[in-house]
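Coordinate analysis (summary)
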Amino acid sequence: MTGPPPPRAHEPVPGNPYVRPPVPPAPARSATGAVVWILVAAVLAAVGAGVGAYAVLKEDGGARSGGFREPVTREPGAPAGPSGSGERTDRPGADGRAPRHVDVNAGRESGEARGRLHLNGTRLPGRGAILHDLWAVDGVVVQALYDTVTAYRVRDGGQAWSLRLPAPVCDTPVNAGRGGKVVVAYTNGNATNSRKCDRLQQIDLRTGAKGWRHRLTERGAGDSTLTVHLAISGDTLAVHQDNVAHAFRLSDGKRIFTEERRRTGSCLLEDVAGGERLLFVDTCAPGAPKAHDEVRRIDPRTGKAAWRYRTKVGWNVAKVYSVDPLVLTVRNNEEYDQWAVVALDGKGKQRSWTRLDRGPHTFEMCAGAGDAGEGVQNCPGGVVNGDTLYLAGGPEERAALGPDKVVAFDLATGRAKWAAAVGKGKQGRQLMPVREVGPGKRAGVVVYVRAQTDRPGRTVRFGAAGGRPEVLLKHPTPAREWETFMFAGETLYSGGRLFVTPTRLEPDSPRRDDKDQGRMLSVGR
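Residues numbered from 1 in each chain as written. Predicted model: local features only at pLDDT ≥ 70, side-chain atom pairs only at ≥ 80, totals over all residues. Heavy atoms only, no water.

With respect to the overall build of the chain
Stated formally: A run of H or I in DSSP becomes a helix once it reaches four residues, and a run of E becomes a strand once it reaches two; helices and strands are each numbered from the N terminus. Relative accessible area decides the class of each residue, using a 1.4 Å probe on protein chains only: under 20% of the type maximum gives buried, over 50% gives exposed, and in between gives partly exposed. Every residue pair with non-hydrogen atoms within 4.5 Å of one another is taken to be in contact. All accessibility values rest on the Shrake-Rupley procedure with a 1.4 Å probe; residue burial counts only the protein chains present in the view.
Along the chain, the regular secondary structure elements total three helices and 37 strands. Expressed as a percentage of its 525 residues, the buried residues of the chain come to 57%. Of all intrachain contacts in the chain linking residues separated by at least 6 positions in sequence, the fraction that spans at least 24 positions is 55%. For the chain, the computed accessible surface area is about 21,600 Å², with 50% contributed by carbon and sulfur atoms.

Considering the pairing of strand β34 (residues 491-494)
What counts, and what does not: When DSSP locates at least two bridges between a pair of strands, those strands are taken to pair.
Residues of β34 alternate between two faces, with Thr491 and Tyr493 on one and Leu492 and Ser494 on the opposite face, all of them buried. As judged from the two bridges shared by strand β30 (residues 436-437) and β34, these two strands associate in the parallel manner. Residue pairing for β34: Val437 is matched across the bridge by Ser494. As judged from the four bridges shared by β34 and strand β35 (residues 497-500), these two strands associate in the antiparallel manner. Bridge pairing in β35 places Leu492 opposite Phe499. Adjacent in sequence and paired antiparallel, β34 and β35 are bridged by two residues, among which Gly495 carries a positive phi angle near 60°.

Points about the sheet that holds strand β23 (residues 339-344)
Hydrogen bonds between backbone atoms are what pair the strands of a sheet, whose relative direction is either parallel or antiparallel. Selection criterion: Note on method: axes are straight lines fitted to C-alpha atoms, helices fitted across the in-contact stretch only, with angles between N-to-C directions ranging 0 to 180 degrees.
Read across the sheet, four strands follow the order β21-β22-β23-β24 without closing on themselves; strand pairing throughout is antiparallel. Strand pairing shows two members of the sheet lacking a second neighbour, β21 (315-323) and β24 (350-355), which therefore form its edges. Going across the sheet, the axis of each strand differs from the next one's by a mean of 25°, ignoring polarity. Relative to strand β22 (residues 326-332), β21 is paired through seven bridges, and the arrangement is antiparallel. Looking across to β22, one finds that Lys319 is bridged to Thr329.

Topic: the pairing of strand β25 (residues 382-385)
On β25, burial covers both faces: Gly382 and Val384 on one face and Val383 and Asn385 on the other are all buried. Here β25 folds back onto strand β26 (residues 388-393) in antiparallel fashion, the turn holding two residues, of which Gly386 has a positive phi close to 70°.

Regarding the state of the cysteines
Counted only if it meets this: Throughout, a disulfide means two cysteine sulfur atoms within 2.5 Å of one another.
One pass over the full model with this rule turns up three disulfides. Each disulfide pairs two cysteine sulfurs, and for Cys170 the partner residue is Cys197, the sulfurs being separated by 1.9 Å. Its S-S torsion of approximately 90° makes the covalent link between Cys170 and Cys197 right-handed. Placement of Cys170 in strand β9 (residues 169-171) and of Cys197 in the loop between β10 (181-186) and β11 (199-204) is noted, with a sequence separation of 27 residues between them. Cys197 matches Cys170 in its accessibility class, with the two residues each being buried. Through a disulfide, Cys267 is tied to Cys284; the S-S separation comes to 2.1 Å. Handedness here is read from the sign of the S-S torsion; for Cys267 and Cys284, about 110°, the answer is right-handed.

Side note on the confidence of the model for the chain
Here is the rule: The pLDDT value expresses, per residue, how confident the predictor is, ranging between 0 and 100.
On average, residues of the chain carry a pLDDT of 81, and 76% of them reach 70 or more. The low-confidence segment residues 1-92 (pLDDT under 50) makes 208 contacts with residues lying over four places distant or belonging to another chain.

Things to note about the packing of aromatic side chains
For clarity, the cut-off: Two aromatic rings from Phe, Tyr or Trp, using only the six-membered ring of Trp, form a pair when their centres are within 6.5 Å; if the ring planes differ by under 30 degrees the pair is stacked, by over 60 it is edge-to-face, and anything between is tilted.
Summed over the entire model, instances satisfying the criterion amount to four aromatic pairs. Taken together, a centroid distance of 5.0 Å and an interplanar angle of 80° make the contact between Trp315 and Trp353 edge-to-face. In this pair, Trp315 sits in strand β21 while Trp353 sits in strand β24, placing the two residues 38 residues apart along the sequence. With 5.9 Å between their ring centres and 50° between their planes, Tyr390 and Trp418 make a pair best called tilted. Of the two residues, Tyr390 is situated in strand β26 and Trp418 in strand β28 (residues 416-421); the sequence distance between them amounts to 28 residues. Comparing Tyr390 with Trp418 shows no difference in burial state: the two are buried. Here the aromatic residues Tyr390, Trp418 and Phe462 are joined through ring pairs into a cluster of three or more.

What about the pattern of salt bridges?
In plain terms, the rule: Any carboxyl oxygen of Asp or Glu that lies within 4 Å of a side-chain nitrogen of Lys or Arg is treated as forming a salt bridge with it.
Going through the model one piece at a time under the given rule, you end up with 18 salt bridges. A salt bridge links Arg461 to Glu436; the shortest N-O distance between them is 3.2 Å. On the criterion of sequence distance, the pair formed by Arg461 in strand β32 (residues 458-463) and Glu436 in strand β30 is long-range, its members being 25 residues apart. We classify Arg461 as buried; its relative accessible area is 6%. Three or more residues joined by partner-sharing salt bridges are found here, namely Lys181, Asp204 and Arg206.

Digging into the nonpolar core
This is how the line gets drawn: The set of buried Ala, Val, Leu, Ile, Met, Phe, Trp, Tyr and Cys residues whose side-chain atoms join them within 4.5 Å is what this entry labels a nonpolar core.
Counting 31 residues, the largest nonpolar core has Val142, Leu200, Leu237 and Val239 as the members making the most contacts within it. With five residues, the top contributor of residues to this core is β10. In this structure, Val142 is in contact with Asp133, Leu134, Trp135, Val149, Thr150, Ala151, Trp161 and Leu205, ignoring residues within four places of it in sequence.

What about a positive patch on the surface?
Applicable threshold: Patch members must show over 30% relative accessible area and no salt bridge, and they are joined within 9 Å when carrying like charges or within 5 Å when they are nonpolar side chains of Val, Leu, Ile, Met, Phe, Trp or Tyr. Counted charges follow a simple rule, with Lys and Arg positive, Asp and Glu negative, and His plus the chain ends left uncounted. To locate a charge, take atom NZ for lysine, CZ for arginine, CG for aspartate or CD for glutamate.
On the surface, Arg108, Arg114, Arg458, Lys474 and Arg525 cluster together into a positively charged patch. Along the chain, Arg114 turns up in strand β3 (residues 114-119). Under the relative-accessibility criterion, Arg114 is labelled partly exposed at 44%.

With respect to the environment of Leu131
The topology assignment puts Leu131 in the loop between β4 (129-130) and β5 (135-137). Overall, Leu131 belongs to the buried group, its relative accessible area being 2%.

Overview of the sheet that holds β10
If you trace the four strands from one edge of the open sheet to the other, you get β9-β10-β11-β12, paired in antiparallel fashion. The strands lining the two open edges of the sheet, one partner per strand, are β9 and β12 (210-215). Going from strand to strand, the sheet's axes swing by 40° on average, the running direction of each strand aside. Across six bridges, β10 lies against β11 in antiparallel orientation. For Val184, the partnering residue across the bridge sits in β11 and is Gln201.

Focus: unusual backbone geometry
In this model, Asp324 is joined to Pro325 through a cis peptide bond whose omega is 0°. One can find Pro325 in the loop between β21 and β22. For Asp138, which is not glycine, the phi dihedral falls at a positive 45°. The topology assignment puts Asp138 in the loop between β5 and β6 (140-145).

Okay, structure coming up:
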């Protein structure tokens with residue numbers, strides 16, 4: 001055995017208040033899938049768990065619908081700047097001092113694209129705050145930071161609208177739903193003690209208008225709102241509360257179904273994933289010799305399982321790279337350094353199994369980003385396009401310097417098709433595959449080339465066959481000092497523009513000579 005997992009990968013980012021504490025009644029497991037077996041066994045004993053099943057309970061949105069409130073919409077003619085909700089005025093989180101303007105185009109060199117830098121203007125608590133998922137819809141890219149959701153225009157990178165919520169955002173789904181709608185979860189207040197992630201707010205990403213809202217309730221053991229994960233599939237919002245899943249209609253907030261674990265069940269709901277498919281991830285028989293995980297494809301209209309995939313005994317599901325085609329990462333419960341990528345077909349049958357802890361290239365799960373208590377779909381460093389998985393990696397002798405290659409894997413066979421780098425010499429430029437959204441999407445993969453202290457960043461595209469990359473954007477030279485603090489954060493390519501944000505922001509800037517922090521950099525023609 002290799003012993004316990006390294007703290008950085010096993011534990012959440014320090015100071016994050018939204019991570020489930022590893023104490024009963026919730027069986028604790030990190031977002032990378034390492035189960036704390038002793039605690040889980042104690043929990044199962046306490047609730048009398050044996051063998052059994054799940055139940056799906058339909059609800060009609062009436063008296064049992066959880067107490068929906070009337071929709072709250074944005075007033076007509078709201079300003080483009082941060083808009084107050086009128087529901088709270090306490091600090092931090094209120095609009096801070098207006099950040100100064102930095103022109104990252106002043107002094108750019110010939111052939112370089114134009115950039116747009118947004119500095120953070122939101123006052124953050126002493127522990128800082130993570131930046132949540134990026135969404136792209138109808139010409140805007142939207143992201144939540146602390147208690148504010150902000151949209152940026154794809155055409156020029158400027159701010160389109162900003163909406164402030166009553167309290168900090170604690171979870172967001174990785175993708176938006178039909179009609180450009182999304183739902184975010186926010187907390188019941190700013191106090192760190194007894195904070196719960198129990199408020200839902202629908203938002204129209206095109207305009208910033210608020211729609212329905214809902215307060216989640218705890219109906220018993222295994223239904224905690226200390227940690228909540230959201231997933232959207234079509235017109236269904238799935239909410240993972242501890243070991244229970246609730247489903248709401250995205251368009252109007254009506255409850256569709258609730259899945260509760262019976263006391264006789266040997267499987268515990270671990271997370272939910274959305275997109276083209278709705279998936280439930282379960283951990284089964286934890287602590288037992290036949291411990292394993294299961295992935296179920298769920299009908300988002302009824303809650304019924306179409307099929308289920310069972311991992312090998314002793315392996316657990318760590319992350320979901322893609323739901324269509326379905327690509328998972330799995331990790332060995334005992335040998336933590338052993339991990340693999342599994343591709344499934346449309347019926348949940350295994351197509352390929354690829355071990356990534358050995359071979360000519362070195363890979364870190366999620367590009368070594370660690371875990372901030374986010375869901376099973378939050379995993380940078382890998383992009384699926386067509387029937388190919390593109391991963392950031394590199395030779396073992398240079399692994400500590402960061403990934404400097406992109407390796408393409410055939411999902412049908414699990415074999416590497418090609419590996420490519422950018423730059424010459426013993427060390428290439430550090431690379432990060434980027435999710436591409438919107439019109440103009442082509443075969444291959446868009447890759448962000450990290451800015452260095454002496455060289456600006458780039459955006460390139462590797463074709464499906466690999467080879468020499470096409471340069472899409474040469475980033476402006478004056479932006480490189482800001483870019484270096486944003487690598488390994490959220491990235492997205494939409495409409496010919498690259499958006500880059502850091503993973504999180506601290507109360508003070510890491511730049512010693514500057515209190516301003518780069519909140520988002522976008523580059524486009």
